[in-house]
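Here is what each chain is made of, one letter per residue.
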Amino acid sequence: MNWDLRTFDVLDSTNEEAWRLADAGAPEGVAVLAKSQTAGRGRRGRSWESPEGNLFLSLLLRPAVPPAEAAKLSFLAAVALGETIELAAPGLTGRVRCKWPNDVLVDGAKVSGVLLESRTRPDGALDWVIAGIGANLVHKPIHTLYPATALADHGDIHNPVDFAGWLLARFGYWYARWKTDGFAPVREAWLKRAHGLGQQIVVRLPEGELHGRFAALDDSGALLLELPDGRRQAITAGDVFPVG
Ligand code: BT5
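None of these values were measured; they are calculated from a predicted model. Residue numbers run consecutively from 1 along every chain, following the written order of its sequence. In keeping with the model being predicted, local features are shown solely for residues with a pLDDT of at least 70 and side-chain atom pairs are shown and tallied solely at 80 or more, while totals for entire chains, interfaces and linings include all residues. The side-chain figures draw on all heavy atoms in the structure; neither hydrogens nor water molecules are used.

Asker: Even after reading the chapter, I still don't get the domain arrangement of the protein, so can you show me in this structure?
Answerer: Where interface size is quoted, it is often the accessible area lost as the parts come together. Annotation comment: domain bounds sourced from an automatic or database domain assignment. Looking at the protein, the domain boundaries give domain 1 (4–192) and domain 2 (200–242). Using C-alpha coordinates to define each centre, domain 1 is positioned 23 Å away from domain 2. Buried area: the accessible surface (1.4 Å probe) lost by two parts on joining, summed over both. Between domain 1 and domain 2, roughly 1200 Å² of surface is buried when both sides are summed, and carbon and sulfur atoms account for 60% of that area. Salt bridges, as used here, are contacts in which a Lys or Arg side-chain nitrogen is within 4 Å of a carboxyl oxygen on Asp or Glu. The tally of links from domain 1 across to domain 2 stands at 4 salt bridges. Between Asp 219 and Arg 187 there is a salt bridge, with its nearest N and O atoms 3.9 Å apart. Polar contacts, as counted here, are pairs of nitrogen or oxygen atoms within 3.5 Å of one another; within protein the pair requires one atom able to donate a hydrogen and one able to accept it, and residues that are adjacent in sequence qualify only if both atoms are side-chain atoms. In this assembly, domain 1 and domain 2 are joined by 8 residue pairs in polar contact (both at pLDDT 80 or more). Put simply, DSSP marks the helices as runs of H or I at least four residues long and the strands as runs of E at least two long, and each gets a number from the N terminus on. The element contributing the most residues to the side of domain 1 that touches domain 2 is helix α5 (residues 184–192), with 3 residues. Each residue is assigned to one of three groups, with Ala, Val, Leu, Ile, Met, Phe, Trp, Tyr, Cys and Pro labelled nonpolar, Asp, Glu, Lys and Arg labelled charged, and all others, Gly among them, labelled polar. Counted by class, the side of domain 1 that touches domain 2 contains 8 nonpolar, no polar and 6 charged residues.

Asker: What exactly am I supposed to notice about the site of the ligand here?
Answerer: Around the ligand, the structure places 29 residues, and the nearest of them are Ser 13, Arg 41, Arg 46, Lys 110 and Asn 136. Note that an oxygen atom of the ligand is positioned 2.9 Å from one of the backbone N or O atoms of Arg 43. One of the side-chain N or O atoms of Arg 46 is found 2.8 Å from an oxygen atom in the ligand. For the ligand, whose unbound accessible area comes to 800 Å², protein coverage reaches 95%. Looking at the shell around the ligand, the elements that each hand over two or more residues are α1 (14–23), β3 (55–61), β6 (109–120) and β7 (126–135). Among the elements that line the shell around the ligand, the one with the most residues is β6, at 4 residues. Partitioned by chemical class, the residues of the shell around the ligand number 9 nonpolar, 14 polar and 6 charged. For each residue, the test is whether any non-hydrogen atom lies within 4 Å of the molecule or strand; if one does, the residue is near. Shrake-Rupley sampling with a 1.4 Å probe provides the accessible areas, and residues are treated as covered by the protein chains on show and by no other component.

Asker: Would you mind showing me how to read the packing of helix α3 (residues 73–88) against α5 here?
Answerer: Working note: a packed helix pair is described by the angle between its axes plus the distance between those axes. Note on definitions: angles span 0 to 180 degrees between N-to-C directions of axes, and those axes are lines fitted to C-alpha atoms, for helices only across the stretch in contact. Running from N to C, α3 and α5 point in directions that differ by 50°, and their axes come no closer than 9 Å. The orientation of α3 with respect to α5, classified from their angle, is oblique. Crossing hand, α3 versus α5: left-handed. Note on element contacts: α5 touches α3 through Val 186, Ala 189 and Trp 190, opposite Phe 75, Leu 76, Ala 78 and Val 79. Within the contact of α3 with α5, the residues separate by chemical class into 7 nonpolar, no polar and no charged. Working rule for angles: under 35 degrees goes down as roughly parallel, over 145 as roughly antiparallel, 65 to 115 as roughly perpendicular, anything else as oblique. Two helices that cross are described as forming a left-handed crossing if the nearer one is turned anticlockwise from the farther one by less than a right angle, and a right-handed crossing if clockwise. Whether two residues are in contact is decided by their heavy atoms: any pair within 4.5 Å suffices.

Asker: For this particular structure, what's the right way to read the sheet that holds strand β10 (residues 223–226)?
Answerer: Backbone hydrogen bonds are what pair the strands of a sheet, in a parallel or an antiparallel way. Strands pair, by our definition, only if DSSP identifies at least two bridges between them. Across the sheet, 5 strands lie side by side as β11-β10-β9-β8-β12; this open sheet has antiparallel pairing. Looking at the sheet topology across the chains shown, the edges are occupied by β11 (232–235) and β12 (239–242). Neighbour to neighbour, the strand axes of the sheet diverge by 45° on average, direction disregarded. Relative to β10, strand β9 (residues 208–217) runs antiparallel, the two sharing 4 bridges. Looking across to β10, one finds that Arg 213 is bridged to Glu 226.

Asker: Explanation requested: unusual backbone geometry in the structure shown.
Answerer: With the exception of glycine, most residues fall at negative phi, and the peptide bonds are largely trans. Note the cis peptide between Trp 100 and Pro 101, where omega equals -5°. As for its position among the elements, Pro 101 is in the loop between β4 (96–99) and β5 (103–106). Positive phi values are uncommon outside glycine, yet Arg 44 reaches one of about 50°. Among the secondary structure elements, Arg 44 is positioned in the loop between β2 (30–37) and β3. Partly exposed residues are those whose accessible area sits between 20% and 50% of the maximum for their type, while under 20% is buried and over 50% is exposed, using a 1.4 Å probe and protein chains only. We classify Arg 44 as partly exposed; its relative accessible area is 47%.

Asker: Would you explain the pairing of β5 in this entry?
Answerer: Put simply, side chains in a regular strand alternate between the two faces of the sheet. Because side chains alternate across β5, one face comprises the buried residues Asp 103 and Leu 105, and the other comprises Val 104 and Val 106, equally buried. Inspection of the sheet shows β4 paired to β5 by 4 bridges, in the antiparallel sense. Bridge pairing in β5 places Val 96 opposite Val 106. Hairpin connection of β5 to β6: 2 residues between the antiparallel strands, including Asp 107 at a positive phi of 50°.

Asker: Please explain the pattern of salt bridges as it appears in this structure.
Answerer: A pair can form between side chains of opposite charge whenever their charged atoms are brought close. Here the structure, examined in full by the defined rule, presents 25 salt bridges. For Arg 95, the salt bridge identified is with Asp 107, shortest N-O distance 2.9 Å. Of this pair, Arg 95 sits in the loop between α3 and β4 while Asp 107 sits in the loop between β5 and β6, placing them 12 residues apart in sequence. A residue is classified by how much of its surface remains accessible, and Arg 95, at 34% relative accessible area, is partly exposed. In the salt-bridge network here, residues are joined through shared partners; they are Arg 43, Arg 44, Arg 46 and Asp 239.

Spelled out as structure tokens, the structure:
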């Protein structure tokens, strides 16, 4: 992939800028990097703390796949992020995990999140997908849904431009692989880093909580939760927490 990296000092949100560019017809490979964001966002209307020093990067992609396939790109982004963190901070090797569906953890605390947004055409075909990636290089928020960390807490100081370059290379590798070989190798790489696999978890959904064992990740990217009665339920969206 030949990335076209566009850098900004301040943006509302790199996803928002990538969205504007996509709607104006920008091609696949445009990457938007900002030093800070004034309206960084997470999933379901949540906000993403975005002070200068951290990474805020959004990738515009136009893969020729159905929308359900493109939804799996959050796993690809998490794998690429995990590898980039270990490249940037070799001392963290083995301590970087992927948390379903879209987070990367260091020593069990959230260092990074991925927000996928996409648009379909009136005929249902995918028009574009944006992979928005936030990584706490220097700063971490205090009051969060899930404990947070930053690479600097572990003694690893990196600037966002260098980190973005490494991440684009790893994402580009996995994106090419995904286009030729599909989701299976991405799924396998993600599972090697999966946080909580085989363990008891709580899944928080808008309509309530489900308790069970994180049994597997299926071919669609859904988390298979083994309920106390032994049935398996596929979870396609939600927030996962350890029990206790
Ligand atoms: C995510 O959402 O984890 C996706 C975050 C994606 C952010 C990137 S930055 C570049 C691009 N441009 C954007 O506007 N967004 C993307 P979610 O799983 O919903 O997690 C959001 C929750 O994480 C918040 O409700 C907070 O509790 C917590 N949080 C907020 N800022 C955080 C941070 N910097 N580090 C760790 N946790 C944070």
